[in-house]
Amino acid sequence: MQIRIGQGYDVHAIAPGLPMWLGGIQIPCDKGFVAHSDGDVAIHALCDALLGAAALGDIGLHFPDNSPEWKGADSKMLLARVVEMLSERGWRAGNADITIALQTPKLRPYIDAMRSTLASILGLEEDAVSVKATTTEHLGFVGRGEGCEAWAVVTICKD
Ligand code: MG
């Protein structure tokens, strides 16, 4: 079996009055992410990790942020397309580990729903999908509430 590792990173600015999507879940909040798509930084980092593991470029290559096709796009659809692209080349996800940095709101109540949602798109059991959340202790742009960052690491396998 061939095994590869990929990593991905994303960041989006926060603004009032926008929907906040993270890990495929809408977080009840009076602010959200400025983006061409729904701005789901966790899924975007995950997509880049998967694409990186398969050396298939990055999310901006496949889903350009100036394309009307992806305006307001549900990032779960982007992730499903990435999974399909890997599958066409014989790759399947092995596991995923995502870290989200956001000052507020606290994400703990939504973590299990994110894991379940992402696992079903990846074709994995929930215990192969980890989502972790942290604040940055009020430091930097995340700590000032100006943005949200996410990092993802994945393995992919091919028989
Ligand atoms: Mg993004």
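Owing to the predicted nature of the structure, the values given are computational and were not obtained by experimental measurement.

### Brief notes about the coordination of the magnesium ion
The magnesium ion binds to the protein through Asp-10 (OD), His-12 (NE2) and His-44 (ND1); the donor distances cover 2.2 Å. In primary-sequence terms, the residues that donate to the magnesium ion follow D-x1-H-x31-H. Taken as a pair, His-12 in strand E1 (residues 2-16) and His-44 in helix H1 (residues 41-53) lie far apart in primary sequence, 32 residues in all. Judged by its relative accessible area of 6%, His-44 falls in the buried class.

### Looking at unusual backbone geometry
Geometrically, the link from Thr-104 to Pro-105 is a cis peptide bond, its omega value of -5 degrees lying close to zero. Secondary-structure assignment places Pro-105 in the loop between strand E5 (92-101) and helix H4 (111-122). For Ala-55, which is not a glycine, the phi torsion comes out positive at approximately 55 degrees. Position of Ala-55 relative to the elements: it lies in the loop between H1 and helix H2 (59-62). Under the relative-accessibility criterion, Ala-55 is labelled exposed at 62%. For His-138, which is not glycine, the phi dihedral falls at a positive 65 degrees.

### What about the nonpolar core?
Membership of the largest hydrophobic core comes to 49 residues, with the highest contact counts inside it found for Leu-22, Leu-46, Leu-50, Leu-79, Ile-100, Leu-102 and Leu-122. Every element with two or more residues in this core is listed here: strand E2 (20-22), strand E3 (25-27), H1, helix H3 (75-88), E5, H4, strand E6 (129-134) and strand E7 (147-158). Considering every element that reaches this core, the biggest residue donor is H1, with 10 residues. If we ignore the near neighbours within four places in the chain, the residues touching Ile-100 are Leu-22, Ala-42, Leu-107, Met-114, Val-131, Lys-132, Ala-133, Thr-134, Cys-148, Glu-149 and Ala-150.

### Details of the pattern of salt bridges
Any two side chains of opposite charge can pair, so long as their charged atoms come close to each other. If you walk through the whole model with that rule in mind, you get 9 salt bridges. A salt bridge links Asp-112 to Arg-108, with the nearest nitrogen and oxygen atoms 3.4 Å apart. Looking at Asp-112, the relative accessible area reads 42%, which means it is partly exposed. Assessed through its relative accessible area of 54%, Arg-108 is described here as exposed.

### Overview of the side chain of Asp-48
With respect to the element layout, Asp-48 can be found in helix H1. In this structure Asp-48 is buried but unpaired, with Arg-81 as the nearest side chain of opposite charge at 14 Å. Polar side-chain contacts of Asp-48 include one of 2.7 Å to the backbone nitrogen of Ile-59. Leaving out residues up to four positions away in the same chain, Asp-48 has contacts with Gln-7, Gly-8, Tyr-9, Asp-58 and Ile-59.

What counts as what
Residues numbered from 1 in each chain as written. Predicted model: local features only at pLDDT ≥ 70, side-chain atom pairs only at ≥ 80, totals over all residues. Heavy atoms only, no water. Donors = N, O, S within 2.8 Å, 3.2 Å for Na, K, Ca; no water. Helix = DSSP H or I, 4+ residues; strand = E, 2+ residues; numbered from the N terminus. Buried < 20%, exposed > 50% of the residue type's maximum accessible area, 1.4 Å probe, protein only. Core = buried A, V, L, I, M, F, W, Y, C linked by side-chain atoms within 4.5 Å. Contact = heavy atoms within 4.5 Å. Salt bridge = Lys/Arg side-chain N within 4 Å of Asp/Glu carboxyl O. Lys, Arg positive; Asp, Glu negative; His and termini not counted. Polar contact = N/O pair within 3.5 Å; in protein donor to acceptor, adjacent residues only side chain to side chain.

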